[in-house]
Amino acid sequence: MKNGTDSFLSLGHWPSAGSFGFNTDILATNPINLSVVLGVLIFFGKGVYNLLSLNDLLDNRKQRILSTIRNSEELRRGAIEQLERARTRLRKVEIEADEYRMNGYSEIEREKENLINATCDTLERLENYKNETLHFEQQRAINQVRQRVFQQALQGALGTLNSCLNSELHFRTIRANIGILGAMEEITD
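Residues numbered from 1 in each chain as written. Predicted model: local features only at pLDDT ≥ 70, side-chain atom pairs only at ≥ 80, totals over all residues. Heavy atoms only, no water.

## Concerning the overall build of the chain
Part 1: When helices and strands are counted, the chain shows 3 helices and 0 strands.
Part 2: Traced from its N-terminal end to its C-terminal end, the chain shows the element sequence α-α-α.
Part 3: Looking at the chain residue by residue over its 189 residues, the buried ones come to 2%.
Part 4: Counting every atom, the chain has about 17700 Å² of accessible surface; 61% of that belongs to carbon and sulfur. (Helix = DSSP H or I, 4+ residues; strand = E, 2+ residues; numbered from the N terminus. Buried < 20%, exposed > 50% of the residue type's maximum accessible area, 1.4 Å probe, protein only. Areas by Shrake-Rupley, 256 points an atom, 1.4 Å probe, with all protein chains shown as cover.)

Spelled out as structure tokens, the structure:
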């Protein structure tokens, strides 16, 4: 205890020393030295702490970068899969489009042939109708000509008969014709 009190009593007394050094006696050190040592330790400890927190920051940054790279790789793989699906779908659509195109062309050709055939049939019917109409008109014209020729011949014959026949012969001819008509009527009944 005497050493402890001596150390406190010696605070007021500073020896004049010609050199600088550290007092290794813990009980003999003064509070100024302790505060300097603690300040140095805190100052350098803070730097060490800062270095530790810098390492933590770098590790965190590294983990975020690696996580971002992993996410990017996953997104890239997903995009590649989507691209492959899109390419597959595009090929499928192109094949379907080619089929539709070919079916469309063949359908157009079929429709074209059907239209040509229908037009040919229509033209043939019109040609037949025209020929029937011409034949009908020819027959009608022939019948009209026959009728006129017959009427003119009949008028000429009646005129000749009237000028050549007398009334007695005329009556006999009429009776004979009436008799022929009556016989024809009996045959038809």
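Alright, that's what it looks like, and here's the rest.
## What about the confidence of the model for the chain?
Part 1: Across the chain, the average pLDDT comes to 79, with 75% of residues at 70 or higher.
Part 2: Mean pLDDT per element in the chain: helix H1 (residues 2-9) is the minimum at 48, and helix H2 (residues 31-164) is the maximum at 85.
Part 3: The model gives residues 7-14 a pLDDT under 50, and that stretch makes 4 contacts with residues more than four places away or in other chains. (pLDDT = per-residue confidence, 0-100. Contact = heavy atoms within 4.5 Å.)

## Brief notes about a nonpolar patch on the surface
Part 1: On the surface, a cluster of nonpolar side chains totalling about 430 Å² of accessible area is made up of Val 36, Val 40, Phe 43 and Phe 44.
Part 2: Residue placement: Phe 43 occurs in helix H2.
Part 3: Take Phe 43: its relative accessible area is 58%, and that puts it in the exposed class. (Patch = residues over 30% accessible without salt bridge, like charges linked within 9 Å, V, L, I, M, F, W, Y side chains within 5 Å. Salt bridge = Lys/Arg side-chain N within 4 Å of Asp/Glu carboxyl O.)

## What about the pattern of salt bridges?
Part 1: For the coordinates displayed, the defined rule picks out 6 salt bridges.
Part 2: Residues Arg 76 and Glu 73 are paired through a salt bridge, measuring 3.7 Å at the closest nitrogen-oxygen approach. In this pair, Arg 76 and Glu 73 are both assigned in helix H2, 3 residues apart and thus about one turn of the helix distant.
Part 3: A relative accessible area of 33% means that Glu 73 is categorised as partly exposed.

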